[in-house]
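Geometric and topological summary
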Amino acid sequence: MSGTTRPAARAGSRASADRLARLLNLVPYLLARPGIEIAEAAGDLGVTERQLREDLELLWVCGLPGYGPGDLIDMAFDGDRVTITYDAGIDRPLRLTPDEALALVVALRMLAETPGVANREAVERALAKIEDAGGDLVAAPVEVRLPGDTGRVEQLRAAVEGGRALRITYYTAARDETTERVIDPLRVLMVGGRTYVEAWCRRAEAVRLFRADRIDAVTELAEPAVVPPQARPQDLREGAFRPSPDLPLITLRIGRGERWITEYYPCERVESDGERWVVSLRVSDLGWARRFVLGLGPDVEVVAPAELAGQIHESAVAALEAYAQPVPAGADPAAAGDRQ
């Protein structure tokens, strides 16, 4: 099957889009002109009387969910005059407010600068149309900066496009360690607002994701990237972290202030326990989980595993002991406290 769209199909799609825009503007237009003659309205809207009557017939079956007599758009006709008697909430023209226009411009500019975006020309065409239509509303210069090191991202993108292997120095937050690796890049992409390079890692002998802002150094090698046949891009539609049954499962009892965890992390279980919630989620390793829980504050209790609870207890005791060190004789207690 060919992927080419036939001219007739494209024309039909454009006609449908034009009619939808016309219908969305028709209701507020008629609301502002109760009792207007259909011929006059057709002339203002640039359509024939027949087309306008067909549009009005379609409006009869448009409205709010429920689609009963009190939910659909309603009109009253007096000869060749029409009046909207119920607008179903469509009471303003299809126009962008300054804030909406600016938000679209920022979003499209960010998309245009995102590495790995296919069909960048379509994004730029849409951006140009909005800027032209917005006029002074979006005339102010807007600079969009992507998170991470832009120069580093350009290096990674150039390596992908040139088919070159890379030597990188990479910080792995889950294990709190820095390693040197040789990778064969597959693509540069953005996931969850962060830029990554997906590559075949020769050290791990598997496809891995590397965050651009955690690459401390990168060197393009003279040798070409050699990606083995078994290497496949990962499905990242659900995010960069994909919990699996082989990863450690932790269970926490959290207070109201920590419920945001359930929105930012994929949880396998969320249950109410009075004023607190019990949540279970997979983590990359217990070292990451220890740092994560310690950063949450005192209104969190580790239910399982016991090993994690023990590690957090040891870390907390060590921190308290560091703060409990006696102040040397003659030293300023306030200054000593500042040094802790």
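Per the secondary structure count, the chain includes 10 helices and 12 strands. Taken across its 340 residues, the chain has 31% of its residues classed as buried. Within the chain, residue pairs in contact and separated by at least 24 positions form 55% of the contacts whose partners lie at least 6 positions apart.

Another aspect to go through is the sheet that holds strand β7 (residues 206-211). One key point about sheets: their strands pair by backbone hydrogen bonds, in either a parallel or an antiparallel sense. Reading across the sheet, the 5 strands line up as β7-β6-β5-β4-β8 and stay open at both edges, with antiparallel pairing between neighbours. Both edges of this open sheet fall to β7 and β8 (215-224), since each of them pairs with a single strand only. On average, adjacent strands in this sheet sit at an angle of 45 degrees to one another, irrespective of strand direction. Bridge analysis of strand β5 (residues 177-191) against strand β6 (residues 194-201) gives 8 bridges, and the strand direction is antiparallel. Note on β6: the bridge partner recorded for I183 is C201.

The 4 strands are arranged β10-β11-β9-β12 in an open sheet whose pairing can be described as antiparallel. Only two strands of the sheet have a single partner each, and these edge strands are β10 (267-273) and β12 (300-304). Strand-to-strand twist of the sheet, defined as the mean angle between neighbouring strand axes without regard to direction, takes the value 20 degrees. Pairing of strand β9 (residues 249-254) with β12 involves 4 bridges; the strand directions are antiparallel. Pairing of I254 across the sheet is with V300, part of β12. Across the sheet, helix α8 (residues 286-294) touches β9 and β12, and the angle it forms with β9 is around 10 degrees.

Moving on, we get to the packing of α8 against helix α9 (residues 306-323). At a minimum axis distance of 10 Å, the contact between α8 and α9 shows a crossing angle of 55 degrees. The angle between α8 and α9 places the two elements in the oblique class. The chirality of how α8 crosses α9 is right-handed. On α9, the residues touching L286, A289, R290, V293 and L294 of α8 are E307, L308, Q311, I312 and S315. In terms of residue class, the contact of α8 with α9 is built from 6 nonpolar, 2 polar and 2 charged.

Thresholds, definitions, all that
Residues numbered from 1 in each chain as written. Predicted model: local features only at pLDDT ≥ 70, side-chain atom pairs only at ≥ 80, totals over all residues. Heavy atoms only, no water. Helix = DSSP H or I, 4+ residues; strand = E, 2+ residues; numbered from the N terminus. Buried < 20%, exposed > 50% of the residue type's maximum accessible area, 1.4 Å probe, protein only. Contact = heavy atoms within 4.5 Å. Pairing = 2+ DSSP bridges. Axes fitted to C-alpha atoms, helices over the stretch in contact; angles between N-to-C directions. Parallel < 35°, antiparallel > 145°, perpendicular 65-115°, else oblique. Left-handed = near helix turned anticlockwise from the far one by under 90°. Nonpolar A, V, L, I, M, F, W, Y, C, P; charged D, E, K, R; others polar.

Purely geometric stuff here, so don't read any function into it on its own.
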